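Residues per chain, in single letters:
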Amino acid sequence: ASTGRQRALSPMASPGERTNALPESLAEALVAYERHLRSERGLSERSVRAYRTDLASLLTHVHRRGRTRVDQLDLADLRSWLALQQTSGRARTTVARKASAARGFTRWSVRAGWATQDAGARLARPRAHRTLPHVLGESQASGLLAQAAARVEVDPDPVAARDVAILELLYATGIRVGELC
């Protein structure tokens, strides 16, 4: 239970982080999670710092929403925090990473006895933005097939003939290379 006293985010917090005080219970949970990441999961200092930054942001957000203990976090708090990240212009990959950090923290908080329910268990996994691969235009594909076929006419090598058949099959059907293999 929180006594209302304020503590810095972490004994290793930067000077800027020390000014953003959290209630004692939230600060202690963050320090305990950092310890877990270092000793039990064996993460690098850089990874621990990234988790600490993400979770300090989350805990500051939920504290602003009136939460003072980890067991008070709920799905709405997590969604609200992630929505804030998106509207602040964070990249989809960054929001996905932050969601993963939050889910890891809430899962740990139940195992470590800081909470009775995993608030992040039902949190959707935002997908990182993926772009479609660049494709050849029709004239480029026709030129590639024509060059491969011309090579086979000059030198009737069985491997070259196989390559032409592979290229034609890929172009005609649109199957994936892995499916063709």
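To keep things clear, this report deals only with the structure shown in the data block.

Procedures and definitions
Residues numbered from 1 in each chain as written. Predicted model: local features only at pLDDT ≥ 70, side-chain atom pairs only at ≥ 80, totals over all residues. Heavy atoms only, no water. Helix = DSSP H or I, 4+ residues; strand = E, 2+ residues; numbered from the N terminus. Contact = heavy atoms within 4.5 Å. Areas by Shrake-Rupley, 256 points an atom, 1.4 Å probe, with all protein chains shown as cover. Salt bridge = Lys/Arg side-chain N within 4 Å of Asp/Glu carboxyl O. Buried < 20%, exposed > 50% of the residue type's maximum accessible area, 1.4 Å probe, protein only. Phe/Tyr/Trp six-rings, centres within 6.5 Å; stacked < 30°, edge-to-face > 60°. Core = buried A, V, L, I, M, F, W, Y, C linked by side-chain atoms within 4.5 Å. Patch = residues over 30% accessible without salt bridge, like charges linked within 9 Å, V, L, I, M, F, W, Y side chains within 5 Å. Lys, Arg positive; Asp, Glu negative; His and termini not counted. Charge placed at Lys NZ, Arg CZ, Asp CG, Glu CD. Expected span 1.5 Å × (residues − 1). Axes fitted to C-alpha atoms, helices over the stretch in contact; angles between N-to-C directions. Parallel < 35°, antiparallel > 145°, perpendicular 65-115°, else oblique. Nonpolar A, V, L, I, M, F, W, Y, C, P; charged D, E, K, R; others polar.

Below, the discussion takes up the overall build of the protein chain. When its secondary structure is counted, the protein chain shows 8 helices and 2 strands. Reading the helices (α) and strands (β) of the protein chain from amino to carboxyl end gives β-α-β-α-α-α-α-α-α-α. Of all intrachain contacts in the protein chain linking residues separated by at least 6 positions in sequence, the fraction that spans at least 24 positions is 48%. Carbon and sulfur atoms provide 52% of the accessible area of the protein chain, an area that totals close to 11400 Å².

So, on to the pattern of salt bridges. Following the criterion strictly, the structure yields 10 salt bridges and no others. The closest approach of N and O atoms between Asp-74 and Arg-67, which form a salt bridge, is 3.5 Å. Close ionic contact of Asp-77 with Arg-67 constitutes a salt bridge, the shortest N to O distance being 2.9 Å. One end of the pair, Asp-77, is in helix α4 (residues 75-87); the other, Arg-67, is in the loop between α3 (45-64) and α4, with 10 residues separating them in the sequence. Neither residue differs from the other here; Asp-77 and Arg-67 are each classed as buried. In the salt-bridge network here, residues are joined through shared partners; they are Glu-34, Arg-38, Glu-45 and Arg-52.

On to the packing of aromatic side chains, then. This structure, assessed with the given rule, holds 3 aromatic pairs. Arranged with centres 5.0 Å apart and planes meeting at 55°, the rings of Tyr-33 and Trp-108 form a pair that is tilted. Remark: Trp-108 occurs in helix α5 (residues 92-111) and Tyr-33 occurs in helix α2 (residues 24-40); sequence separation between them is 75 residues. The burial state of Tyr-33 is the same as that of Trp-108; both residues are buried. Among the aromatic side chains, those forming a connected cluster through ring pairs are Tyr-33, Phe-105 and Trp-108.

Core analysis: the biggest nonpolar cluster contains 28 residues, and Leu-58, Leu-59, Val-70, Leu-73, Leu-78 and Phe-105 have the highest contact counts within it. At the level of elements, α2, α3, α4 and α5 are the ones that each hand at least two residues to this core. Not counting chain neighbours up to four residues away, the residues in contact with Leu-78 comprise Leu-58, Leu-73, Ala-102, Thr-106, Ala-119, Gly-120 and Leu-123.

Moving on to a positive patch on the surface. A surface patch of positive charge is lined by Arg-41, Arg-107, Arg-111 and Arg-125. The residue Arg-41 is located in the loop between α2 and α3 in this model. You can call Arg-41 partly exposed: its relative accessible area is 43%.

Our focus in this paragraph is α3. Helix length check: α3, at 20 residues, gives a terminal C-alpha distance of 28 Å against a target of 28 Å (1.5 Å per residue), a fit within 8%. Among the residues of α3, those classed as buried are Val-48, Arg-52, Asp-54, Leu-55, Ala-56, Leu-58, Leu-59, Thr-60, His-61 and Val-62. Once α3 ends, the next one or two residues include Gly-66, with phi positive near 95°.

This part covers the packing of α3 against α5. Between two packed helices, what matters for the description is the angle formed by their axes and the separation of those axes. The geometry of α3 relative to α5 is characterised by a closest axis approach of 10 Å and an angle of 80° between their N-to-C directions. Between α3 and α5, the crossing angle belongs to the class labelled roughly perpendicular. Between α3, through Tyr-51, Asp-54, Leu-55, Leu-58 and Leu-59, and α5, the contact on the second element is made entirely by Arg-97, Lys-98, Ala-101, Ala-102 and Phe-105. Residue classes in the contact of α3 with α5 are distributed as 7 nonpolar, no polar and 3 charged.

Along the chain, the position of Thr-60 falls in helix α3. Counting along the chain gives 38 residues from Thr-60 to Leu-22, while the straight-line C-alpha distance between them is 6.7 Å.

Interpretation in functional terms is not warranted from these geometric data alone.
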